[in-house]
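Examination of the molecular architecture
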Amino acid sequence: MKLTIIGSGYVGLTTGACFAEVGHEVLCVDNDPRKIETLLRGDIPIYEPGLAEMVTKNVAAGRLRFTTDTPEGVRHGDVVFIAVPTPPNPDGSVDLKFIEKVAREIAPAIETYKVIVDKSTVPVKTGEKVAETIRRYAPGADFDVVSNPEFLREGSAVADLMKPDRIVIGANSERALALMQRLYAPFHAAVLTTDIASAELIKHAANSFLALKISYINAVSAICEASGADVEMVAEGIGMDKRIGRAFLNAGLGYGGSCFPKDIAAFIAISEDLGVPFTLLKEVERINRDQLERFLKRLRDKLWVLEEKKIAVWGLAFKQNTDDIRCSVALDLVERLVAEGAEVRAYDPKAMDRVRDLPLGEKIVLVDDPLAACDGAEALVIATEWPQFAQADFAKVKPRMLSPLVFDGRNLLDPATMARLGFEYHGIGRGAASVGEE
Ligand code: UGA
């Protein structure tokens, strides 16, 4: 099938590559000429495991193309995806100006029947607005609007797209639904068909529920610290109940990234707008903010004054397997340490170039080697859940540090092993197990 993706960012580019991979003819559009030039040169603007290879392969096969020309895109695709950013307004509500602009641009280019698909995360009822807008700018245009939310995670986007848990298609027309089902048939995944409003809500409700799970276990981690219990064992114990599940019960510094913080704030704003305030989600946000505060307090309790303290930080990305630093809690932590006068030497496997470009990049030392980041450090902080941090050779870390203090903000390490190696170990919610004995 022929399809077009308008917006070649994280979601648009990976979705386009995966559709091409299963044999569709994909045209990716973006209004940023530099991004399109980069892609035409064969460079990928983001780090995502497996994506570069997949793009190269499908460009070579002629199934994946790039352009800045929206009308050309609309003519090409029987199905036209909208995958443009939906940034937050200062009050947490969603700014839909890019979606509205694309709807206006698409409208006059519609010559034959098109399915216009909302892929971006949008508030419930946006589909109706998109349809209204297209009708206003192109009365008589033959089209249907569909909501098809995306559930990919950064760092495993290609795998999530190729083998999705489910595909949600919100459509109010049989014709549009049939085309969407054909489009997704090669993925052999479970398809849930709904009305448009329900599909739109599923996305915000799913992300909010996942964030709620994280905040739930983080709240339990505070109780573990106060009572001497170990949150890892508690998570294991409750996660073995199939009704609960172990996933997304990893206690830590809290959730960040370009999705959860924005989507939870948006869902709160949407619920208030609809006159049914979802106050539980405000508590989810509060617990998330508190995780970092409690962690910083722990550091201060131990180091007393942070000013002039040399602190090694492993991890800057908002999670593992990505170079994305948007709303990264690791970065918030570094900002706070710097603000209190600490001298930070930081390492991240993928995100250092992004941090170098920030004003913060000039206030810290970015070190290419995790061991060298620990030279002379009075404490090592683990801020992102990169698996290689768990496999690091801590026997080599210890002699490089001034004092063997480790604050594990992602519970990656085993407290007993760390104690055996002579470290004083502080995890999150690991109660009595938190401080290792030499
Ligand atoms: C999230 C959702 O998981 C995807 O399903 C969704 O499609 C995506 O948002 C989106 O809306 O586009 P993503 O933000 O890429 O995906 O990353 P996650 O793996 O969900 O992690 C989000 C944050 O939660 C990270 O900061 C991570 O460190 C944190 N986290 C995750 C925890 O603190 N504990 C956990 O148990 C899991």
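Quick notes on the rules
Residues numbered from 1 in each chain as written. Predicted model: local features only at pLDDT ≥ 70, side-chain atom pairs only at ≥ 80, totals over all residues. Heavy atoms only, no water. Helix = DSSP H or I, 4+ residues; strand = E, 2+ residues; numbered from the N terminus. Buried < 20%, exposed > 50% of the residue type's maximum accessible area, 1.4 Å probe, protein only. Contact = heavy atoms within 4.5 Å. Areas by Shrake-Rupley, 256 points an atom, 1.4 Å probe, with all protein chains shown as cover. Lys, Arg positive; Asp, Glu negative; His and termini not counted. Charge placed at Lys NZ, Arg CZ, Asp CG, Glu CD. Arc of directions from axis to C-beta. Polar contact = N/O pair within 3.5 Å; in protein donor to acceptor, adjacent residues only side chain to side chain. Pairing = 2+ DSSP bridges. Near = heavy atom within 4 Å. Nonpolar A, V, L, I, M, F, W, Y, C, P; charged D, E, K, R; others polar. Domains from an automatic or database assignment. Axes fitted to C-alpha atoms, helices over the stretch in contact; angles between N-to-C directions. Parallel < 35°, antiparallel > 145°, perpendicular 65-115°, else oblique. Left-handed = near helix turned anticlockwise from the far one by under 90°. Core = buried A, V, L, I, M, F, W, Y, C linked by side-chain atoms within 4.5 Å.

Scanning the protein from N- to C-terminus turns up 18 helices and 14 strands. Along the first, second and third principal axes, the C-alpha set of the protein runs to 75 × 50 × 40 Å. Taking all 438 residues of the protein together, 54% fall into the buried category. Considering only intrachain contacts with a sequence separation of at least 6, the fraction spanning at least 24 residues in the protein is 71%. Roughly 19,400 Å² of accessible area belongs to the protein as shown, and the carbon and sulfur atoms make up 54% of that amount. Across the protein, the mean location of the 52 positive side-chain charges is 2 Å away from that of the 64 negative side-chain charges.

The next point concerns helix H10 (residues 231-239). Within H10, burial applies to Val231, Glu232, Ala235 and Gly239. Looking straight down H10, one finds that the buried residues subtend no more than 105° of arc, so they occupy a single side. Buried residues in H10 make contact with helix H9 (196-227). You can read the cap of H10 off the contacts: a side-chain oxygen lies 2.9 Å from the backbone nitrogen of Glu232, and it is on Asp230.

Examined against the element boundaries, Ser173 turns out to sit in the loop between strand S7 (167-171) and helix H8 (174-184). Here Ser173 falls in the buried class, since its relative accessible area comes to 16%. If sequence neighbours within four positions are ignored, Ser173 has contacts with Tyr113 and Asp144.

One open sheet accounts for six strands, arranged S11-S10-S9-S12-S13-S14; its pairing is parallel. Edge positions in the sheet fall to strand S11 (365-366) and strand S14 (424-426), since each has one partner strand and no second. Looking at chain direction, strand S9 (residues 310-314) and strand S10 (residues 343-347) are connected through five bridges and run parallel. In the sheet register, Val313 faces S10, and the bridge partner there is Ala346.

Our next topic: the site of the ligand. Surveying the vicinity of the ligand reveals 21 residues, the closest of which are Leu152, Glu154, Lys203, Asn207 and Glu385. Interatomic distance of 2.7 Å between a side-chain N/O atom of Asn207 and an oxygen atom of the ligand. In the complex, the protein chains occlude 93% of the 710 Å² of accessible area that the ligand would expose alone. Those elements that place two or more of their residues in the shell around the ligand are H9 and helix H11 (260-273). By residue number, the principal contributor to the shell around the ligand is H9, which donates three residues. Class assignment for the residues of the shell around the ligand results in nine nonpolar, four polar and eight charged. For the shell around the ligand, the two domains that each supply at least three residues are domain 1 (2-194) and domain 2 (196-438).

Let us now look at the environment of Ala265. Along the chain, the position of Ala265 falls in helix H11. Separated by 57 residues in sequence, Ala265 and Ser208 place their C-alpha atoms 9.3 Å apart. Apart from the residues lying within four places of it in its own chain, the contact partners of Ala265 are Gly92 and Glu285.

For the rest of this paragraph, the subject is H8. Among all positions in H8, only Ala176, Leu177, Leu179, Met180, Leu183 and Tyr184 are buried. Around the axis of H8, the buried residues are gathered within 165° of arc, so they sit on the same side. Those residues of H8 that are exposed and aimed more than 90 degrees away from the buried face are Glu174 and Arg182. At the N-terminal boundary of H8, the capping side chain belongs to Ser173, with an oxygen 3.4 Å from the backbone nitrogen of Arg175.

Here we take up unusual backbone geometry. Positive phi outside glycine occurs at His188, with the angle close to 50°. Following the sequence through the fold, His188 ends up in the loop between H8 and strand S8 (191-194). Under the relative-accessibility criterion, His188 is labelled exposed at 73%. At Cys327, a position not held by glycine, the phi torsion is positive, near 50°. Positionally, Cys327 belongs in the loop between S9 and helix H13 (329-339). Note on Cys327: relative accessible area 48%, which makes it partly exposed.

Our focus in this paragraph is the packing of H9 against helix H12 (residues 280-303). Geometrically, a packed helix pair is captured by the angle between its two axes and the distance between the axes. At a minimum axis separation of 9 Å, H9 and H12 run at an interaxial angle of 45°. Between H9 and H12, the angle falls in the class oblique. In this structure, the crossing between H9 and H12 has a hand that is left-handed. Together, Ser208, Ala211, Leu212, Ser215, Asn218, Ala219, Ser221, Ala222 and Glu225 of H9 and Leu280, Leu281, Val284, Ile287, Asn288, Gln291, Arg294 and Arg298 of H12 make up the contact between the two elements.

Another aspect to go through is the nonpolar core. Grouped together as the largest cluster of nonpolar side chains are 62 residues, with contacts concentrated most on Trp314 and Leu337. Looking at this core element by element, the count peaks at seven residues for H13. Setting aside its immediate chain neighbours within four residues, Leu337 contacts Leu296, Leu299, Leu306, Ile311, Val313, Ala342 and Val344. Among the nonpolar cores identified, the runner-up in size contains 40 residues, and Met1, Leu161, Met180 and Phe187 belong to it.

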